[in-house]
Amino acid sequence: MTKSKASTTAPDTNRPASEPAAEAPATPRPSIVIAAPTDTPSRGGGSMAARAAAGRPNMPPSFAVRSPGRPGFAEGQNPAPRPPAAKIELKAGDHVVYPTHGVGMVQGIETIEAAGHALQMVVVTFEENRMTLRVPVTKVATAGLRKLFTPKEFEQAIDTLKGRARIKRTMWSRRAQEYEAKINSGDPIQIAEVVRDLQRNAGQPDQSFSERQIYEQALERLAAEYAAIEKIDRVEASDRLVAFAKSSA
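The numbers attached to residues start from 1 for each chain and follow its sequence in the written order. Local features in this predicted model are restricted to residues whose pLDDT is 70 or higher, and side-chain atom pairs enter the listing and the counts only when it is 80 or higher, whereas totals over whole chains, interfaces and linings include all residues. Computation of side-chain values covers all heavy atoms of the structure but excludes hydrogens and water.

**Concerning empty space enclosed by the protein**
In step 1: Detection works on a 1 Å grid of protein atoms alone, calling trapped sets that fit a 1.4 Å probe cavities and calling open sets with protein on both sides within 12 Å along at least five of seven lines pockets, with lining residues defined by an atom within 4 Å of a point. Grid points are joined across faces, edges and corners, and a volume is the space filled by probe spheres set on the points. Evaluated as defined, the whole model comprises one cavity of 30 Å³ or more.
In step 2: Lining the largest cavity, in full, are Val97, Tyr98, Pro99, Gly102, Arg146, Gly186, Ile191, Arg221 and Glu225.
In step 3: Those elements that place two or more of their residues in the lining of the largest cavity are strand E3 (95–98) and helix H7 (209–230).
In step 4: Three classes are used, and their members are as follows: Ala, Val, Leu, Ile, Met, Phe, Trp, Tyr, Cys and Pro are nonpolar, Asp, Glu, Lys and Arg are charged, and the others, Gly among them, are polar. Of the residues contributing to the lining of the largest cavity, the split by class is four nonpolar, two polar and three charged. Per the convention used, a helix needs a DSSP run of H or I reaching at least four residues, while a strand needs a run of E reaching at least two, with both numbered from the N terminus.

**Observations regarding the packing of H7 against helix H8 (residues 234–246)**
In step 1: Direction vectors running N to C along H7 and H8 enclose 115°, while the axes themselves pass 8 Å from each other. Taken together, H7 and H8 sit at an angle that is classed as roughly perpendicular. Of the two possible hands of crossing, H7 and H8 adopt the one that is right-handed. Judged by residue contacts, Tyr215, Leu219, Leu222, Ala223, Ala224, Tyr226, Ala227 and Glu230 of H7 engage Arg234, Ala237, Ser238, Arg240, Leu241, Val242 and Phe244 from H8.
In step 2: Grouping the amino acids of the contact of H7 with H8 by side-chain chemistry returns eleven nonpolar, one polar and three charged. Here, axes are lines fitted to C-alpha atoms. For helices the fit covers the stretch in contact, and angles between N-to-C directions go from 0 to 180 degrees. An angle below 35 degrees is read as roughly parallel, one above 145 as roughly antiparallel, one from 65 to 115 as roughly perpendicular, and any other as oblique. In a left-handed crossing the near helix is turned counterclockwise from the far helix by less than a right angle, and in a right-handed crossing that turn is clockwise. It only takes one pair of heavy atoms within 4.5 Å for two residues to be counted as in contact.

**A word on the pattern of salt bridges**
In step 1: The term salt bridge refers to a side-chain nitrogen of Lys or Arg lying within 4 Å of a carboxyl oxygen of Asp or Glu. For the coordinates displayed, the defined rule picks out eight salt bridges.
In step 2: The shortest N-O distance in the salt bridge between Lys168 and Glu178 comes to 3.6 Å. One end of the pair, Lys168, is in the loop between helix H4 (151–162) and helix H5 (172–185); the other, Glu178, is in helix H5, and ten residues separate them in sequence.
In step 3: With relative accessibility at 28%, the residue Glu178 sits in the partly exposed group.
In step 4: Across the pair Glu236 and Arg240 runs a salt bridge, and its minimum N-O distance is 2.8 Å. Here Glu236 and its partner Arg240 are both found in helix H8, four residues apart, which amounts to about one turn of the helix. Summary of the burial criterion: residues with accessible area below 20% of their type's maximum are buried, those above 50% are exposed, and those between are partly exposed, where the area comes from a 1.4 Å probe applied to protein chains only.

**Re H8**
In step 1: Expected helix span is given by 1.5 Å per residue-to-residue step, counting one fewer step than there are residues. For H8, which comprises 13 residues, the first-to-last C-alpha distance of 18 Å matches the rise-based estimate of 18 Å (1.5 Å per residue) to within 8%.
In step 2: In this structure, the buried residues of H8 make contact with H4, helix H6 (188–199) and H7.
In step 3: The term polar contact refers here to a pair of N or O atoms within 3.5 Å; inside protein, the definition further demands a hydrogen-donor-capable atom paired with an acceptor-capable atom, and it admits residues adjacent in sequence only when both atoms are side-chain atoms. Where H8 begins, one side-chain oxygen reaches toward the backbone nitrogen of Val235, 3.1 Å away; that side chain belongs to Asp233.

**Some points on the nonpolar core**
In step 1: Definition of nonpolar core: a set of buried residues of the types Ala, Val, Leu, Ile, Met, Phe, Trp, Tyr and Cys, connected through side-chain atoms within 4.5 Å. Formed by 27 residues in total, the largest nonpolar core has its most connected members in Phe154, Leu222 and Leu241.
In step 2: For this core, the elements supplying multiple residues, two or more each, are H4, H5, H6, H7 and H8.
In step 3: Residue contributions to this core peak at nine residues, all from H7.
In step 4: Excluding anything up to four places from it in sequence, Leu241 contacts Phe154, Leu161, Leu219, Leu222, Ala223 and Tyr226.
In step 5: Listed in part, the eleven residues of the second largest apolar core include Val122, Leu133, Val135 and Leu145.

**Topic: the packing of aromatic side chains**
In step 1: For Phe, Tyr and Trp, rings pair up if their centres lie within 6.5 Å, where Trp contributes its six-membered ring, and each pair is then called stacked (planes under 30 degrees apart), edge-to-face (over 60) or tilted (otherwise). All chains considered together, the criterion is met by two aromatic pairs.
In step 2: Between Phe154 and Tyr226, the ring centres sit 5.2 Å apart and the planes meet at 15°, which makes this aromatic pair stacked. On the criterion of sequence distance, the pair formed by Phe154 in helix H4 and Tyr226 in helix H7 is long-range, its members being 72 residues apart. Exposure class is identical for Phe154 and Tyr226. Each is buried.
In step 3: Relative to Tyr179, the ring of Trp172 has its centre 6.0 Å away and its plane inclined at 55°; by these criteria the two rings are tilted.
In step 4: Judged by its relative accessible area of 22%, Trp172 falls in the partly exposed class.
In step 5: Residue classification places Tyr179 among the buried residues on the basis of a relative accessible area of 4%.

Nothing here speaks to function; it is geometry throughout.
If you want it as structure tokens, here you go:
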């Protein structure tokens, strides 16, 4: 009589041991909100993401843990609302300034149909470059379209021309970008800074072609607004501005 051997099976070493089920937390988890970028410093030193990761090592660094009801929690997350832009009333014949095109004249308000909606557009013409610009009435302030400076406001630009040149010791290519940004801002004070800084070398043999171009562009922009304010021609306005700039030398 043969004895039957009990069959034995070797344990599968390749199968991982089952993990125990996670227990439910005894207290509710705090809420999770997206924090500031990792390079944003916090009051306690270090980035907010780094501090959050230090407090909870299993939490991704792009999240921060905040407890519900914490004082100042909502205020820290929502920025203060911006004040509404001032409404600008324009009519035909008004001189206006558009940042990238300079001084133009309002031809009127026209209504056009777009996607079944009626849109009111401010029509502005620029005589110098022979172009017409249409800006929605509701977007006039945000587009940067503005009225001329008053004579008193423009005095700040003249005072800037009379000031001392401030030339940074950087490469010309970088300074040229900064000068062009100031010109395209449409701000007479910033444009006056460009004229003031480049006036010293205006017409000199060592002045580069690009430097001369930027200088003339800034002077033309500034003279166009000054001529419209003083009701003189642009040539006379340009001569006056150059005299102001030279008076500081």
